[in-house]
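One-letter residues, chain by chain:
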Amino acid sequence: MIDFSLTPEQEAIQRTARDFAQKEIAPAAQQYDRSGEYPQEIVKKAFQAGLVYGPVPEEYGGGGLGQLDQLIVAEELSAGCAGISTCIAINSLAAIPLIDRGSEEQKKRILGGACRDEKLIALCVTEPEAGSDVAAISTRARRRNGEYVISGNKCFITGGGVADYYIVFATVDPSRGHRGITAFVVPRGAEGLSVGKKENKMGQRAADTTDVIFDEVVVPAADRIGEEGEGFRIIMQTFNRSRPGVAISAVGVARAALDYALRYSLERGQFGAPIFMQQSVMFMLADMARDITAGRLLAWKAAWKVEQGLDNSAEAAMAKVFCGDMVMRVTTDAVQVYGGYGYVKDYPVEKLMRDAKVFQIYEGTSQVQRLLIGRALAKKVAR
Ligand SMILES: Cc1cc2nc3c(=O)[nH]c(=O)nc-3n(C[C@H](O)[C@H](O)[C@H](O)COP(=O)(O)OP(=O)(O)OC[C@H]3O[C@@H](n4cnc5c(N)ncnc54)[C@H](O)[C@@H]3O)c2cc1C
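Procedures and definitions
- Residues numbered from 1 in each chain as written.
- Predicted model: local features only at pLDDT ≥ 70, side-chain atom pairs only at ≥ 80, totals over all residues.
- Heavy atoms only, no water.
- Helix = DSSP H or I, 4+ residues; strand = E, 2+ residues; numbered from the N terminus.
- Buried < 20%, exposed > 50% of the residue type's maximum accessible area, 1.4 Å probe, protein only.
- Contact = heavy atoms within 4.5 Å.
- Areas by Shrake-Rupley, 256 points an atom, 1.4 Å probe, with all protein chains shown as cover.
- Lys, Arg positive; Asp, Glu negative; His and termini not counted.
- Charge placed at Lys NZ, Arg CZ, Asp CG, Glu CD.
- Near = heavy atom within 4 Å.
- Polar contact = N/O pair within 3.5 Å; in protein donor to acceptor, adjacent residues only side chain to side chain.
- Nonpolar A, V, L, I, M, F, W, Y, C, P; charged D, E, K, R; others polar.
- Disulfide = S-S within 2.5 Å.
- 1 Å grid on protein atoms, 1.4 Å probe; cavity = no way out; pocket = protein on both sides within 12 Å on 5 of 7 lines; lining within 4 Å.
- Points joined across faces, edges and corners; volume = space filled by probe spheres on them.

A. Structural view of the overall build of the protein chain. A tally of helices and strands in the protein chain yields 10 helices and 10 strands. C-alpha extents for the protein chain along the principal axes are approximately 80 × 50 × 40 Å. Per-residue burial over the protein chain gives 53% buried out of 383 residues. Taking the contacts inside the protein chain whose residues are at least 6 apart along the sequence as the reference set, 74% of them involve residues at least 24 apart. Summing over all exposed atoms, the protein chain offers an accessible surface of approximately 17700 Å²; the carbon and sulfur share of this is 53%. Charged side chains in the protein chain number 46 positive and 47 negative. The centres of these two groups are separated by 3 Å.

What follows is the structure, encoded as structure tokens:
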């Protein structure tokens, strides 16, 4: 059965997210882009509007949203500003390991506390020497008297400077390769945990991106998520669930770029007519609309498979790589439609082009997504 219509509940969620994006996010987008400050007040309002922790089950105080519902929210918020929407979305993304593999006690304490007290969560995977090669992480978790002692450096951590909880991946035994990787949750005040350099980024500048340093941080065994050695699988499952959301955020940014470019093309006159009437401009806009629609459908399918309990790793990678490349193309073309005005900061599309680039990088680069798709194809043939 194929049905592309939204339910009345989904339409209501979409309206709430769209209103929030239009009233709270979009008007502040340029200011936060310029300053690079974290939009604390907007995130607070997002909590009050029920837009943070959508995927956390209602019994722990979250929104209890399904995968497709979350995509509807993410597209709307990102159309307002990708940097600010990332500040909101990262918490749900970082909560996935706890939702999927947390103990009942962890869910009540950490997810329940985060929803109730408006606490933030960050996901710490990447290290200076382990980016695409997640299995190469070297942060160590040594067992000591029934506890773990964690040491290592994480980098590029979204929300690193503001998080109240860090989901951190470390190896209990480097000789076991990816089978040694284990997940933990560490609170902000833990002794030995510090926040390092904040990155001065090209785009999505409202999102706080920092190093997080673990120096002999003692973590009780009760704060391990899942079993020892289960961390790599938890990371991959988290990415399978989060990549459709990242893809749809790219759709949101591309949609905003098309919206601006279309309006501009109808207003801007050259050679005695709106530039929209030039076929080469009209076709650029037509291609944008086509690719945005295709990207949305890929993201929806990848999310739908999660809801059906099916393996979505190939579809998640397809959605992520298609939408990452698509948003770069669409925002670049939006700048082109604006001509010289597109290249200056007085107009909105140059920010969108800068915001777009990271969709080809974070949550696994476009090259890594192609690797994942290739491996899935090879598996099919081997079967
Ligand atoms: C703004 C931002 C926010 C981020 N947020 C987080 C976060 O919250 N938590 C977190 O843990 N991480 C986060 N990251 C890290 C991000 O996931 C990594 O940057 C990304 O996975 C790439 O790793 P790298 O930067 O080390 O690049 P590298 O892995 O060094 O890759 C460099 C280049 O080589 C290519 N390459 C590498 N290996 C292969 C291969 N096998 N085949 C083909 N090409 C390859 C890559 O595609 C890329 O083009 C964030 C990054 C950014 C920029």
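B. Region of interest: the site of the ligand. Near the ligand lie 17 residues; those nearest to it are Thr126, Ser132, Phe156, Thr365 and Gln367. Contacts to the ligand include Val125, whose backbone N or O atom sits 2.9 Å from an oxygen atom. Thr126 places a side-chain nitrogen or oxygen 2.6 Å from a nitrogen atom of the ligand. Summarising the interface, the protein chains cover 64% of the accessible area of the ligand, which totals 970 Å² for the free molecule. Of all the secondary structure elements, the ones that give two or more residues to the shell around the ligand are strand E1 (121–124), strand E3 (147–158) and helix H10 (366–382). Per element, the largest residue contribution to the shell around the ligand is 3 residues, and it comes from E3. By residue class, the composition of the shell around the ligand is 9 nonpolar, 6 polar and 2 charged.

C. Layout of the state of the cysteines. All chains considered together, the criterion is met by 0 disulfides. Unpaired in terms of disulfides, Cys87 finds its nearest cysteine sulfur in Cys81, a separation of 8.0 Å. Taking relative accessible area as the criterion, Cys87 reaches 3% and is therefore assigned buried. Just so you know, Cys124 is unpaired, no disulfide at all, and the nearest cysteine sulfur is the one on Cys155, 10 Å from it. Among the residues examined, Cys124 registers a relative accessible area of 0% and is labelled buried.

D. Molecular detail of the environment of Phe232. As for its placement among the helices and strands, Phe232 is situated in helix H6 (residues 231–267). Taking C-alpha positions, Phe232 is 5.7 Å from Ile181, a pair spaced 51 residues apart along the chain. Beyond its immediate stretch of four places on either side in the chain, Phe232 contacts Val134, Ala135, His178 and Ile181.

E. View of the layout of surface pockets. In this structure, the second largest pocket occupies an estimated 470 Å³ of space. Taken together, 21 residues make up the lining of the second largest pocket; nearest its centre are Ala26, Ala79, Gly80, Ala256 and Tyr260. At the level of elements, helix H1 (8–35), helix H3 (67–80), H6 and helix H9 (349–357) are the ones that each hand at least two residues to the lining of the second largest pocket. In terms of residue class, the lining of the second largest pocket is made up of 11 nonpolar, 4 polar and 6 charged.

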